[in-house]
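Geometric and topological summary
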Amino acid sequence: IRANGTLSYVQSDGQVFGVTAAHVITDYLKVEKEPGCVLQLGNAALLADIIDMDERLDIATLRLSAATLASVGKEIMPVALSRPNDIPQEGRGIM
């Protein structure tokens, strides 16, 4: 293990996304071509399918598959807004 980081899972419209710190992905991209270097979730190797990254905010989003989460025993817990018409507002919780 060269380095590690955390990853949160989000599901929207049937797609699964990972959210992590941009520096985790940036550090991985610097060494990804080295022999034996693997980006992994648990014991499952991942492709770095990066959707977007913002180094100033230190956030990155990755595209994941439900099969990848299942292979490491993870599942998405559904969260619903209290009312269907609620619109998230800055400084106000949504759960």
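Now for a description of the structure that goes with this document. Because the structure is a prediction, the values reported are computed rather than measured.

So, on to the overall build of the protein. Secondary structure summary: the protein contains 2 helices and 6 strands in total. Element order for the protein, N to C, with α for helix and β for strand: β-β-α-β-β-β-β-α. A total of 95 residues make up the protein; the buried ones form 21% of that total. Looking at the protein alone, contacts between residues at least 24 apart form 55% of all its contacts between residues at least 6 apart. When the accessible surface of the protein is split by element, carbon and sulfur atoms take 52% of a total near 7400 Å².

Reading across the sheet, the 4 strands line up as β1-β2-β6-β5 and stay open at both edges, with antiparallel pairing between neighbours. Edge positions in the open sheet fall to β1 (8-12) and β5 (50-54), since each of these has one partner strand only. This sheet shows a mean twist of 20 degrees between the axes of neighbouring strands, independent of strand direction. With 5 bridges connecting them, strand β2 (residues 15-20) and strand β6 (residues 59-64) associate as antiparallel partners. The residue bridging Val 16 from the neighbouring strand is Leu 64, located in β6.

Let us look at the layout of surface pockets. In this structure, the largest pocket encloses a volume near 740 Å³. If you go around the largest pocket, you meet 26 residues; those closest to its centre are Ala 3, Asn 4, Val 38, Leu 39 and Gln 40. Broken down by secondary-structure element, the contributors of at least two residues to the lining of the largest pocket are α1 (22-31) and β3 (39-41). At 6 residues, the largest contribution of residues to the lining of the largest pocket is made by α1. Partitioning the lining of the largest pocket into residue classes produces 15 nonpolar, 8 polar and 3 charged.

The next thing to look at is the pattern of salt bridges. The full count for this structure, using the stated rule, is 2 salt bridges. With a closest N to O distance of 4.0 Å, Lys 30 and Asp 27 form a salt bridge. Taken together, the residues span about one helical turn, with Lys 30 and Asp 27 both in helix α1 at a distance of 3 residues. The class for Lys 30 is exposed, based on a relative accessible area of 64%. For Asp 27, a relative accessible area of 39% translates into the label partly exposed. Of the charged contacts in the structure, one is a salt bridge between Arg 63 and Asp 49, with a shortest N-O distance of 3.5 Å. Remark: Asp 49 occurs in the loop between β4 (44-46) and β5 and Arg 63 occurs in strand β6; sequence separation between them is 14 residues. For Arg 63, a relative accessible area of 38% corresponds to the partly exposed category.

Thresholds, definitions, all that
Residues numbered from 1 in each chain as written. Predicted model: local features only at pLDDT ≥ 70, side-chain atom pairs only at ≥ 80, totals over all residues. Heavy atoms only, no water. Helix = DSSP H or I, 4+ residues; strand = E, 2+ residues; numbered from the N terminus. Buried < 20%, exposed > 50% of the residue type's maximum accessible area, 1.4 Å probe, protein only. Contact = heavy atoms within 4.5 Å. Areas by Shrake-Rupley, 256 points an atom, 1.4 Å probe, with all protein chains shown as cover. Pairing = 2+ DSSP bridges. Axes fitted to C-alpha atoms, helices over the stretch in contact; angles between N-to-C directions. 1 Å grid on protein atoms, 1.4 Å probe; cavity = no way out; pocket = protein on both sides within 12 Å on 5 of 7 lines; lining within 4 Å. Points joined across faces, edges and corners; volume = space filled by probe spheres on them. Nonpolar A, V, L, I, M, F, W, Y, C, P; charged D, E, K, R; others polar. Salt bridge = Lys/Arg side-chain N within 4 Å of Asp/Glu carboxyl O.

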